[in-house]
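Here's the letter readout for the chains.
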Amino acid sequence: MRSAGTVLQPRVSVVDGYVVGYIAQWRDSHSARLGPAIIDLEVGAGLSLPELRDGWESDPHAAADAQTEWKLPRSLGPSVRETVLWGDTELWAYALAEVQGFNETLTEVPSSERKAWGWAASRVAGVLALWSWRIEPDARGPFAVAAHEIGRSALAAGSRTRPYIFRWPAPDLEQTAFVLAQLCREAHDPSTESDLVGALITSIAAIIKAHRERGEMARASSIYATAVGPLKWVEHDIRTAVPTSVIGCQLRLRHASPSPPS
């Protein structure tokens, strides 16, 4: 967050002096001006510091490192996502294969497992948000809207914990997120990209089905209206798009493309 220009300050307990939260100020991408100060609890329950700490090491050494980082933040340059790019269009196929495997696992999850479905929704929403970041400068396109709507299904208590059925090596959309974040924006494979959107629609349909089977019809209808229909149009548009040149991509690459993620 700091590497993107966000100002982060610790929120300290007056009782014991420990950091119990944070205060954030986001920087406007156009004017570079800082917005109002917002505490982590106002950002959202899922982004509170206790939630973000879930699963982290809590030994004295780790605690000391954390305290040092809050007091003396390191000087951070642009994040790796902004400085390292890959240009191998075959990565689209790896992303597609992972989403298809993810969907196969979803078919085995009972609709009554709210926490598991909340976790799955968070993974799908994250991938859609990354795709929006990739191609929607104003963050108001169909990917952004779908990510926001599906993210609401991830707010159930306990949904941050990885379900047992998705234990390693089950696909968890990590590779898909990697491809969307790191693959050069000029690197296209329209057919596979279109299939990838279709596979994500299948993921969304599974989430909708789980909501319906639990009797949550309003939630299911809202997701269908704001995500499935618009993304089907995107799927069609991508498939019929005219291929673009990757020359610009090749010129911007600072490192040779490594092997696909494993």
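A few points on the structure.

About the thresholds
Residues numbered from 1 in each chain as written. Predicted model: local features only at pLDDT ≥ 70, side-chain atom pairs only at ≥ 80, totals over all residues. Heavy atoms only, no water. Salt bridge = Lys/Arg side-chain N within 4 Å of Asp/Glu carboxyl O. Helix = DSSP H or I, 4+ residues; strand = E, 2+ residues; numbered from the N terminus. Buried < 20%, exposed > 50% of the residue type's maximum accessible area, 1.4 Å probe, protein only. Expected span 1.5 Å × (residues − 1). Core = buried A, V, L, I, M, F, W, Y, C linked by side-chain atoms within 4.5 Å. Phe/Tyr/Trp six-rings, centres within 6.5 Å; stacked < 30°, edge-to-face > 60°. Lys NZ or Arg CZ within 6 Å of the ring centre and 35° of its normal.

1. Quick look at the pattern of salt bridges
Here is step 1 of the chain: By the definition in use, this model includes 8 salt bridges.
Here is step 2 of the chain: A salt bridge links R114 to E216; its shortest N-O distance comes to 2.5 Å. Residue R114 is located in helix α6 (residues 114-135), and its partner E216 is located in the loop between α9 (190-213) and α10 (217-239); the two are separated by 102 residues in the primary sequence.
Here is step 3 of the chain: Note on R114: relative accessible area 46%, which makes it partly exposed.
Here is step 4 of the chain: Given a relative accessible area of 18%, E216 falls into the buried group.

2. Focus: α9
Here is step 1 of the chain: Here α9 contains 24 residues, and its C-alpha end-to-end distance of 35 Å stays within 8% of the 34 Å for a straight helix at 1.5 Å per residue.
Here is step 2 of the chain: Most of α9 is tucked away: 17 of the 24 residues are buried.
Here is step 3 of the chain: A positive backbone phi angle near 85° is found at G215, which sits one or two residues after α9.

3. Observations regarding the nonpolar core
Here is step 1 of the chain: Among the nonpolar cores identified, the biggest contains 51 residues, and F102, V124, L128, W131, I150, I204 and L231 are the most heavily contacted of them.
Here is step 2 of the chain: Looking at this core, the elements with two or more residues in it are α5 (91-106), α6, α7 (142-151), α8 (174-182), α9 and α10.
Here is step 3 of the chain: Tallying contributions element by element places α6 first for this core, with 11 residues.
Here is step 4 of the chain: In terms of nonpolar packing, the next biggest core, distinct from the first, is built from 6 residues, L8, Y22, A24 and L49 among them.

4. What to know about the packing of aromatic side chains
Here is step 1 of the chain: Applying the stated criterion across every chain yields a total of 4 aromatic pairs.
Here is step 2 of the chain: With a centroid separation of 5.8 Å and 35° between ring planes, the pair formed by W92 and W131 is classed as tilted. Linking W92 in helix α5 with W131 in helix α6, this pair joins segments that are 39 residues apart in sequence. With respect to burial, W92 and W131 carry one shared label: buried.
Here is step 3 of the chain: Where W119 meets F166, the ring centres are 4.9 Å apart and the plane angle is 40°; that geometry is what we call tilted. Placement of W119 in helix α6 and of F166 in the loop between α7 and α8 is noted, with a sequence separation of 47 residues between them. With respect to class, W119 is no different from F166; both count as buried.
Here is step 4 of the chain: Among the aromatic residues, those joined into a cluster by ring pairs are W92, W131 and F143.
Here is step 5 of the chain: Above the ring of Y164, the side-chain terminus of R167 is found at 4.1 Å from the ring centroid.

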